[in-house]
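Read off the chains here:
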Amino acid sequence: MANHITEIKQLGFVTRDIEKAIENFTKVGLTDWSPVTKVSNKEFTGMICDGEKQDYAFLCATDSELDIEIELIQPLDDHSDYAHWLDKLDTWISLHHISVSTDDEDDLRNSGHKLLLAGYQKGIPFEWEYYDFRDDIGTVLEYFPMPVEE
């Protein structure tokens, strides 16, 4: 990467049991969880897994009471890197990604790292992209591109 990470915005965990994960994080003091929401191709378009168009679904909840948001994701099928990661590690919960900001919008896109997951919300300017940095730093980096101003 030619430029640098300027902010860590979120730690994203994948889990096989989102309710148990919320309960366990609550026990250590994270208590301000958003409602669990289902995310699928009904809300998003252009969903990508391993660089190919692929519909997938998951449950999601976040806690934003700290300076870094904690995100919990429970895959609902085996079509995403979330599910593949849990299967590879043979565990019920694991850190999956770190969401970052960079000082150049195209930094991660042009880094040469594989695009693992992506999705674009219908009707509003919101999208996410995940790049595979596991061989470099042991995790995936997530990026929310800035919406284009018209």
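Predicted, not measured: the structure shown is a model, and the values here were computed from it. (Residues numbered from 1 in each chain as written. Predicted model: local features only at pLDDT ≥ 70, side-chain atom pairs only at ≥ 80, totals over all residues. Heavy atoms only, no water.)

1. Some details on the side chain of Ser111
Reasoning step 1: Structurally, the position occupied by Ser111 is in the loop between β7 (93-102) and β8 (115-121).
Reasoning step 2: Overall, Ser111 belongs to the buried group, its relative accessible area being 19%.
Reasoning step 3: At a separation of 2.8 Å, a polar atom in the side chain of Ser111 contacts the main-chain carbonyl oxygen of Leu108. (Helix = DSSP H or I, 4+ residues; strand = E, 2+ residues; numbered from the N terminus. Buried < 20%, exposed > 50% of the residue type's maximum accessible area, 1.4 Å probe, protein only. Polar contact = N/O pair within 3.5 Å; in protein donor to acceptor, adjacent residues only side chain to side chain.)

2. A look at the pairing of strand β10 (residues 139-143)
Reasoning step 1: Extensive coverage of β10 is indicated by the burial of five of its five residues.
Reasoning step 2: Pairing of β7 with β10, which is carried by four bridges, proceeds in the parallel orientation. Bridge pairing in β10 links His97 to Val140. (Pairing = 2+ DSSP bridges.)

3. Digging into unusual backbone geometry
Reasoning step 1: Of note in this structure, Asp50 is not a glycine but carries a positive phi near 50 degrees.
Reasoning step 2: Mapped onto the elements of the fold, Asp50 is located in the loop between β3 (44-49) and β4 (52-53).
Reasoning step 3: Owing to a relative accessible area of 30%, Asp50 belongs among the partly exposed residues under this scheme.
Reasoning step 4: Of note in this structure, Asp90 is not a glycine but carries a positive phi near 50 degrees.
Reasoning step 5: Mapping Asp90 onto the fold places it in the loop between α2 (81-89) and β7.
Reasoning step 6: The class for Asp90 is exposed, based on a relative accessible area of 68%.

4. Regarding the packing of aromatic side chains
Two numbers describe a pair of aromatic rings. These are the distance of the centres and the angle of the planes.
Reasoning step 1: The full count for this structure, using the stated rule, is seven aromatic pairs.
Reasoning step 2: Members of the aromatic cluster, connected to one another through ring pairs, are Tyr56, Phe58, Tyr82, Trp128 and Tyr130.
Reasoning step 3: Cation over ring: Lys20 sits above Trp92, and NZ or CZ is 4.3 Å from the ring centre. (Phe/Tyr/Trp six-rings, centres within 6.5 Å; stacked < 30°, edge-to-face > 60°. Lys NZ or Arg CZ within 6 Å of the ring centre and 35° of its normal.)

5. Some remarks on the sheet that holds β10
Reasoning step 1: Spatially, β2-β5-β6-β1-β7-β10-β9-β8-β3-β4 is the arrangement adopted by the ten strands of the open sheet, whose pairing is mixed. Of all strands in the sheet, those with a lone pairing partner are β2 (37-39) and β4, marking the two edges.
Reasoning step 2: Relative to β7, strand β1 (residues 5-15) is paired through nine bridges, and the arrangement is antiparallel. Its bridge partner lying in β7, Leu11 is registered against Ile98.
Reasoning step 3: Here helix α1 (residues 18-27) sits on the sheet in contact with β1, β5 (58-63), β6 (69-75) and β7, set at roughly 155 degrees to β6.
Reasoning step 4: Packed on one face of the sheet, α2 meets β1, β3, β5, β6, β7, β8, β9 (127-133) and β10 and runs near 135 degrees to β7. (Contact = heavy atoms within 4.5 Å. Axes fitted to C-alpha atoms, helices over the stretch in contact; angles between N-to-C directions.)

6. Notes on the nonpolar core
Reasoning step 1: If you look at the biggest cluster of nonpolar residues, it comprises 17 residues, and the most contacted ones within it are Tyr56, Phe58, Tyr82, Leu117, Trp128 and Tyr130.
Reasoning step 2: Setting aside its immediate chain neighbours within four residues, Trp128 contacts Val39, Phe44, Met47, Tyr56, Phe58, Tyr82, Leu117, Ala118, Gly119, Glu142, Tyr143 and Phe144.
Reasoning step 3: Counting eleven residues, the second-largest nonpolar core is a separate cluster that includes Ile18, Trp33, Ala61 and Leu72. (Core = buried A, V, L, I, M, F, W, Y, C linked by side-chain atoms within 4.5 Å.)

7. Considering α1
Reasoning step 1: Within α1, the full set of buried residues consists of Ile18, Ala21, Ile22 and Phe25. Looking straight down α1, one finds that the buried residues subtend no more than 100 degrees of arc, so they occupy a single side.
Reasoning step 2: On its buried face, α1 is in contact with β1, β5, β6 and β7.
Reasoning step 3: The opening residue of α1 is Asp17, an N-cap whose side-chain oxygen sits 3.3 Å from the backbone nitrogen of Glu19. (Arc of directions from axis to C-beta.)

8. Focus on the environment of Ala21
Reasoning step 1: In this fold, Ala21 is placed in helix α1.
Reasoning step 2: With relative accessibility at 0%, the residue Ala21 sits in the buried group.
Reasoning step 3: Separated by twelve residues in the primary sequence, Ala21 and Trp33 place their C-alpha atoms 11 Å from one another.
Reasoning step 4: Excluding anything up to four places from it in sequence, Ala21 contacts Thr15, Leu72, Trp92 and Ile93.

Worth remembering: the numbers are spatial, not functional.
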